Amino acid sequence: QPQLVESGGGLVQPGGSLRLSCAASGSTLDYYAIGWFRQAPGKEREGISCISHSGSTTNYADSVKGRFTISRDNAKNTVYLQMNSLRPEDTAVYYCAADFSFTVQCAYVATQYDYWGQGTQVTVSS
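Looking now at the state of the cysteines. All chains considered together, the criterion is met by two disulfides. The residue that forms a disulfide with Cys 22 is Cys 96, at a sulfur-sulfur distance of 2.0 Å. Disulfide Cys 22-Cys 96: torsion about the S-S bond near 70°, hence right-handed. Remark: Cys 96 occurs in strand β9 (residues 92-100) and Cys 22 occurs in strand β3 (residues 18-25); sequence separation between them is 74 residues. Here Cys 50 engages in a disulfide with Cys 106; their sulfurs sit 2.2 Å apart. Where Cys 50 bonds to Cys 106 through sulfur, the torsion about that S-S bond is close to 80°, and the disulfide is right-handed. Of the two residues, Cys 50 is situated in strand β5 (residues 46-51) and Cys 106 in the loop between β9 and β10 (115-116); the sequence distance between them amounts to 56 residues.

Our next topic: the packing of aromatic side chains. All told, the structure shown has seven aromatic pairs when counted by the stated rule. With centroids separated by 6.0 Å and ring planes inclined at 75°, the aromatic side chains of Tyr 32 and Tyr 115 adopt a geometry described as edge-to-face. Here Tyr 32, found in strand β4 (residues 32-39), pairs with Tyr 115, found in strand β10; they are 83 residues apart in sequence, far enough to count as distant. Arranged with centres 5.3 Å apart and planes meeting at 75°, the rings of Phe 37 and Tyr 113 form a pair that is edge-to-face. Of this pair, Phe 37 sits in strand β4 while Tyr 113 sits in the loop between β9 and β10, and the two are 76 residues apart along the sequence. Here the two residues Phe 37 and Tyr 113 agree in accessibility, since each one is buried. Here a set of aromatic residues connected by ring pairs shows up, and it is made of Tyr 31, Tyr 32, Phe 100, Phe 102 and Tyr 115. A cation over an aromatic ring shows up here: Arg 19 above the ring of Tyr 80, its NZ or CZ 3.9 Å from the ring centre. In this structure, Arg 45 is placed above the aromatic ring of Trp 116, and the distance from its NZ or CZ to the ring centre is 4.5 Å.

Thresholds applied
Residues numbered from 1 in each chain as written. Predicted model: local features only at pLDDT ≥ 70, side-chain atom pairs only at ≥ 80, totals over all residues. Heavy atoms only, no water. Disulfide = S-S within 2.5 Å. Helix = DSSP H or I, 4+ residues; strand = E, 2+ residues; numbered from the N terminus. Phe/Tyr/Trp six-rings, centres within 6.5 Å; stacked < 30°, edge-to-face > 60°. Buried < 20%, exposed > 50% of the residue type's maximum accessible area, 1.4 Å probe, protein only. Lys NZ or Arg CZ within 6 Å of the ring centre and 35° of its normal.

If you want it as structure tokens, here you go:
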């Protein structure tokens, strides 16, 4: 069973960039699709992106499409979320999650994911 740790969050001005990392231990991520989710205060958890176990497929929510890029390096057991052109509405706690899967597709539906990191805070403000 993988343990996931997010890092890379912080305070950034609108239009800036951040790169989040999701590092796994305890298990290889080769068999897991990875999703990124975020939750702002008082709001429901929002799925924003996912990547299949091999990295062959990625999907993005409309709210981040064209600005965020998900990638993975299975040799490093790490998944990344590159966030560009950040907006104040991107402010949230960002979580990565793992879904045991052998499919070549993925979905960013929270109930499908079994293992979660602790989250990292992203604040976009001037």
